[in-house]
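The chain contents come next:
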Protein chains: 2
Amino acid sequence: MVKNNKQEIIVDAALEVFRDKGYANTRMADIARRAGVSYGLVYHYFESKEVLFDVIVEGWWDRLYQMLKDERQSDSAFQKKLENIIKFFLDMYAEKPNLLSIFITEVSRSSVYHTARGLAKFRTFFSLTEDVMAEGQKVGFLRRDIGPHYLTYIFLGAIEAFISVMVLGKEAVNRERKERTINGVIQVFLCGAKVESNPLPAL
Amino acid sequence: MVKNNKQEIIVDAALEVFRDKGYANTRMADIARRAGVSYGLVYHYFESKEVLFDVIVEGWWDRLYQMLKDERQSDSAFQKKLENIIKFFLDMYAEKPNLLSIFITEVSRSSVYHTARGLAKFRTFFSLTEDVMAEGQKVGFLRRDIGPHYLTYIFLGAIEAFISVMVLGKEAVNRERKERTINGVIQVFLCGAKVESNPLPAL
DNA sequence: CCAGACTGATTGATATGTCAATCTATTTTT
DNA sequence: AAAAATAGATTGACATATCAATCAGTCTGG
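Just so it is clear, the structure is predicted and the values come from calculations on it, not from any experiment.

In this section: the overall build of chain A. Of regular secondary structure, chain A possesses nine helices and zero strands. Counting helices and strands in the order they occur from the N terminus, chain A gives α-α-α-α-α-α-α-α-α. When burial is assessed residue by residue, chain A has 53% of its 203 residues classed as buried. Excluding contacts between residues fewer than 6 apart, the proportion of contacts in chain A whose partners are at least 24 apart in sequence is 65%. As displayed, chain A has an accessible area near 9,300 Å², and 50% of this comes from carbon and sulfur atoms.

Here it is, written out as structure tokens:
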């Protein structure tokens, strides 16, 4: 199956340009030029700039949801699930850096994406993660004195911070860095950052 | 003597419009209308839309840096410093929700802000926080087997996640929620999310 | 021969930044 | 104290540029 399908070429070009210049500063002419096709052909396949962008983002959400659903119903050890979630982001960044970059810079918190539909996507994302956290509490692995959505925020926030640093610095992930990142997030999220002997006074 | 000059009125109006519509979708005409001044007056005080935006963002960075420098040199207990950093974000959100919203949606990760100068601002932000973390390790409060910038990412990532949820949901912070959020972040960041009896197998 | 792939010039809407003119307040001159 | 001069605030129409989207037409494989 040869991949000289112009439609795919246009999507790939759009991924690059959207990452380089951001949605607002991307010209349809830029995408056509980078794809090596005429201006009009982009509109032949995608009715508007917004639709083209949505096609890309929708693909991201699909993968993310699928991964979270898989982890939710899998019967791996709980800690393994958390590791897999982190791994997903790091692997995806290695494999499709443009896609992750767009998610971080144009979707994750950008006002551009704050429609009702955009918000719903986020709620699903958080809700699926919260299911996993709630399960961790249920099986007695995670502490119950902190609400599952709090755990979700902290866990996802930490992951996003790492990915953001990579995206903004256009850094690469090798095997060793991936291990160290997963280990760091897991260690701190599960065991905490303070030395164990150190007691925590009440707030 | 009420300080009611038009310049401030324009900045306040810009804060509102930038938050509501995002930088890209904000028209200078919108700002003028919301401020109740003529279109031209905005340009009388601010030479361009970008300059107006920068004035706002610069003010944010100034406050943030000041707070971090204060905490770095203060001699409070280490945990208190972390609490104060979280508190800063929550108080600022309560006091200037528009400013925090713009930071999250238009600055924090938005490609709009990814100039060399923008990146430098972030490096300073992270670096100041890292100083605090390194001190926590030095005084023996934080574990040393995880690099200080890792601790920084996780800590700031968690805070940003909480603020983002408030911003996107336009939620309010009352005293009780503030306490609970600080407690949640501190508890998990310092002591971890797993139940204490649960041993952590090696990765 | 025709359906769908493909082209790129053209259009039309939109928004930035300019500018000449007017108004208002303060200071200077007579 | 009135008049004149000056500086700065304020106005909104407009010139200009920028793009998204359209469209009339050409090419090509089956």
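Inspection of the region around DNA strand C gives 15 residues, with S38(A), H44(A), Y45(A), R27(B) and Y43(B) positioned closest. In the interface set of DNA strand C, defined as its atoms within 4 Å of the protein, sugar plus phosphate atoms amount to 64%. One of the side-chain nitrogen or oxygen atoms of H44(A) is found 2.8 Å away from a phosphate oxygen of DNA strand C. At 3.4 Å from a phosphate oxygen of DNA strand C is found a main-chain nitrogen or oxygen belonging to K49(B). Looking at the surface near DNA strand C, the elements with two or more residues in it are α3 (39–45) of chain A together with α3 (39–45) of chain B. Looking at which element gives the most residues to the surface near DNA strand C, the answer is α3(A), with five residues.

The partner chain A presents 53 residues to the 51 residues of chain B that form the contact. Between chain B and chain A the total buried area reaches about 5,000 Å² when both faces are included, carbon and sulfur atoms providing 65% of it. At the boundary of chain B and chain A, one finds 20 residue pairs in polar contact (both at pLDDT 80 or more). At the level of secondary structure, the elements contributing two or more residues to the side of chain B that touches chain A comprise α1 (6–25), α5 (78–95), α6 (97–108), α7 (116–138), α8 (148–168) and α9 (175–191) of chain B. The residue makeup of the side of chain B that touches chain A, split by class, is 27 nonpolar, 15 polar and nine charged.

Along an α-helix, residues three or four positions apart point the same way, because every turn accommodates 3.6 residues. Between the first and last C-alpha of α7(B) there are 32 Å, a value that for 23 residues agrees with the 33 Å anticipated at 1.5 Å per step. Along α7(B), the residues that are buried comprise G118(B), K121(B), F122(B), F125(B), F126(B), L128(B), T129(B), V132(B), M133(B), G136(B) and Q137(B). As for α7(B), its buried residues are in contact with α8 (148–168) of chain A together with α4 (49–73), α5, α6, α8 and α9 of chain B. Phi for G140(B), located one or two positions after α7(B), is positive at around 85°.

Residues and elements named next belong to chain A. For D30, the position within the fold is in helix α2 (residues 28–35). A distance of 3.3 Å separates the side chain of D30 from the side chain of K21, its partner in a polar contact. Residues in contact with D30, not counting those within four places in the same chain, are V17, K21 and N25.

Let us look at the relation of the copies chain B and chain A. Superposing chain B onto chain A takes a rotation of 180° combined with a translation of 0.0 Å along the rotation axis, leaving an RMSD of 0.1 Å. The superposition of one copy onto the other is thereby described by a two-fold rotation axis. Residue G192(B), judged by its C-alpha, is the member of chain B lying nearest the rotation axis, at 1.8 Å.

Below, the discussion takes up the protein's contact with DNA strand D. Looking at DNA strand D, there are 15 residues lining it, with R27(A), Y39(A), Y43(A), S38(B) and H44(B) nearest. Close to the protein, within 4 Å, the atoms of DNA strand D belong to sugar or phosphate groups at a rate of 66%. Between DNA strand D and K49(A) there is a distance of 3.1 Å, counted from a phosphate oxygen to a backbone nitrogen or oxygen. Elements with a minimum of two residues in the surface near DNA strand D: α3 of chain A together with α3 of chain B. Here the surface near DNA strand D takes five residues from α3(B), the largest share from any one element. Counted by class, the surface near DNA strand D contains seven nonpolar, five polar and three charged residues.

Residue and element names in this part refer to chain A. With domains assigned, chain A is organised as domain 1 (1–46) and domain 2 (49–191). Averaged C-alpha coordinates put domain 1 and domain 2 at centres separated by 27 Å. When domain 1 packs against domain 2, close to 1,400 Å² is buried across both sides, 75% of that on carbon and sulfur atoms. Among the residues of domain 1 in contact with domain 2, L15, R19 and Y23 are the three that bury the most area, contributing 50% of the side total. Linking domain 1 with domain 2 are zero salt bridges, by the criterion used here. Where domain 1 meets domain 2, there are four residue pairs in polar contact (both at pLDDT 80 or more). Secondary structure elements with two or more residues in the side of domain 1 that touches domain 2: α1 (6–25) and α2.

Conventions adopted
What you see as residue numbers is a count from 1 along each chain, following the sequence as written. The order in which chains are written sets their letters, starting at A; the order in which ligands are written sets their numbers, starting at 1. Given that the model is predicted, a residue must reach a pLDDT of at least 70 before its local features are reported, and side-chain atom pairs must reach 80 or more before they are shown or counted; all residues, however, enter totals for whole chains, interfaces and linings. Each side-chain value is derived from all of the structure's non-hydrogen atoms; neither hydrogens nor water enter the calculation. Put simply, DSSP H or I for four residues or longer makes a helix, DSSP E for two residues or longer makes a strand, and each gets a number counted from the N terminus. Summary of the burial criterion: residues with accessible area below 20% of their type's maximum are buried, those above 50% are exposed, and those between are partly exposed, where the area comes from a 1.4 Å probe applied to protein chains only. A contact between two residues is defined here by any heavy atoms of the two lying within 4.5 Å. Shrake-Rupley sampling with a 1.4 Å probe provides the accessible areas, and residues are treated as covered by the protein chains on show and by no other component. Whether a residue is near a molecule or strand is decided by its heavy atoms; if any one of them lies within 4 Å of it, the residue is near. Whenever a nitrogen or oxygen atom comes within 3.5 Å of another N or O atom, the pair is scored as a polar contact, on the condition that within protein one atom can donate a hydrogen and the other can accept it, and that pairs from neighbouring residues in sequence are kept only if both atoms are in side chains. As used here, buried area is the combined drop in accessible area, with a 1.4 Å probe, of two parts when they are placed together. Residue type decides the class: Asp, Glu, Lys and Arg count as charged, Ala, Val, Leu, Ile, Met, Phe, Trp, Tyr, Cys and Pro as nonpolar, and the leftover types, Gly among them, as polar. A helix is expected to span 1.5 Å multiplied by its residue count minus one. For the least-squares superposition of copies, only C-alpha atoms count, and only for residues with pLDDT at least 70 in both. A domain assignment, automatic or from a database, supplies the domain bounds used here. Criterion for a salt bridge: a side-chain nitrogen of Lys or Arg within 4 Å of a carboxyl oxygen of Asp or Glu.

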